[in-house]
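Chain residues, written in single-letter form:
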Amino acid sequence: MVLMMREASSGWPCRAGGSFCLCIQVDNHGIETSLMDDLINASREFFHLPLEEKQKCSNLIDGKHFQVEGYGNDPVASKDQTLDWLDRLHLRVEPEDERNLVHWPEHPNSFRALLHEYTLTCKRIKDRILRAMAKALGLNEDYIVTQFSNKAPSFARFNYYPPCPRPDLVFGVKPHSDSGVLTILLMDKDVGGLQVLRDGVWHNVPSSPHRLLINIGDYMEIMSNGIFKSPVHRAVTNAGKERISLAMFHGLDPEKEIEPAAALLHEKQPARYRKMKAKEYLAGFYEHFCRGTRFIDSVKI
């Protein structure tokens, strides 16, 4: 597996004051290109189904009450909320025995098996990357991996961005950072749209067939005591072409306390973030995400 860490013209990673705001491009990751193509094509087929068919996987209970899992859009929490131009399919994939298959599409019939296989390969990639990052921090290489219990959740989020008649007026996804430890993103191999913020300037992340983009999340920023920064990114819309991406979000057990690694702290470098449970962080994260703000700024000491 090769980590392609690009600077300058690409806009990632960036370093400031001893910290890295990190996105990593990964080649030779071991996932068969046919699996990646087949899964994206299956998700495209799902998003092209009639609405009544897609709503069988709805993220609304009784058509009213929002839940994270399922097909649909984010909830509208206030009239001032910035809305995103996308449909999404958000599915828990780990722990495997907690998958809620009522939200997993039955059509196309290949979808479930493809997503299961892709999930297993992403888990192996996640562990390899986290061991490399732990070593880079000077920690035991298994330190970050062992933060994951058998209750640690992982989610697959398929993002479908239809053509937008006014791409100058709306985002595909508003600016944000990810909440968890690590995100593995499979981008559309033909249509770009992802942008990363660096030094106050938005930089395009070019599409590249079958290359994965790795984003670190807020949990990693906290555990590294700010040495690794979770990058702020967004998706812009396209007037003429649809776009699909697949993000695999790797989080921690909701009861797990997130805090800076003790081995990184000393008298001249105290903890920069307060300790809190993952479930408490997620509650604050979603509240701030709807408002277009970052919860991690409120947990800094």
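Residues numbered from 1 in each chain as written. Predicted model: local features only at pLDDT ≥ 70, side-chain atom pairs only at ≥ 80, totals over all residues. Heavy atoms only, no water.

Scanning the entire structure with this criterion turns up nine aromatic pairs. Summarising the aromatic geometry, the rings of F111 and F158 are spaced 5.3 Å apart at their centres and angled 50 degrees between planes, so their arrangement reads as tilted. Of this pair, F111 sits in helix 3 (residues 111-136) while F158 sits in strand 9 (residues 154-161); the two residues are 47 residues apart in sequence, bridging distant segments of the chain. Clustering of aromatic rings is evident, with ring pairs tying together F46, F47, Y71 and Y160. Sitting above the plane of the F148 ring, K126 keeps its charged end 4.1 Å from the centroid. (Phe/Tyr/Trp six-rings, centres within 6.5 Å; stacked < 30°, edge-to-face > 60°. Helix = DSSP H or I, 4+ residues; strand = E, 2+ residues; numbered from the N terminus. Lys NZ or Arg CZ within 6 Å of the ring centre and 35° of its normal.)

The residue H48 is located in the loop between helix 1 (33-47) and helix 2 (51-54) in this model. The class of H48 is partly exposed, set by a relative accessible area of 47%. The spacing of H48 and Y160 is 112 residues in sequence and 9.8 Å in space, taken between C-alpha atoms. Aside from chain neighbours lying at most four places away, what touches H48 is Y160 and E242. (Buried < 20%, exposed > 50% of the residue type's maximum accessible area, 1.4 Å probe, protein only. Contact = heavy atoms within 4.5 Å.)

With that settled, the discussion passes to unusual backbone geometry. Cis geometry marks the peptide bond from E94 to P95, where omega comes out at -5 degrees. Relative to the elements of secondary structure, P95 occurs in the loop between strand 8 (87-94) and helix 3. A cis amide bond links H107 to the next residue, P108, at an omega of 0 degrees. Note that P108 resides in the loop between strand 8 and helix 3. For H210, which is not glycine, the phi torsion reads 70 degrees and is therefore positive.

Once that is clear, we can look at the pattern of salt bridges. The full count for this structure, using the stated rule, is 21 salt bridges. Across the pair R92 and E69 runs a salt bridge whose closest N-O atoms are separated by 4.0 Å. Remark: E69 occurs in the loop between strand 6 (65-66) and strand 7 (70-72) and R92 occurs in strand 8; sequence separation between them is 23 residues. Accessibility classification places R92 together with E69 in one group, the buried group. Note that K151 is salt-bridged to E98, the shortest N-O span being 3.1 Å. Here K151, found in the loop between helix 3 and strand 9, pairs with E98, found in the loop between strand 8 and helix 3; they are 53 residues apart in sequence, far enough to count as distant. The network of salt bridges with common partners includes E69, R92, E98 and K151. (Salt bridge = Lys/Arg side-chain N within 4 Å of Asp/Glu carboxyl O.)

Looking at the element boundaries, G240 is found in the loop between strand 16 (233-236) and strand 17 (243-250). Taking the relative accessible area as the measure of exposure, G240 reaches 57% and is therefore exposed. Taking the C-alpha atoms as reference points, G240 and C164, 76 residues apart in sequence, are found 7.2 Å from one another.

Purely spatial values, then, with no claim about function.
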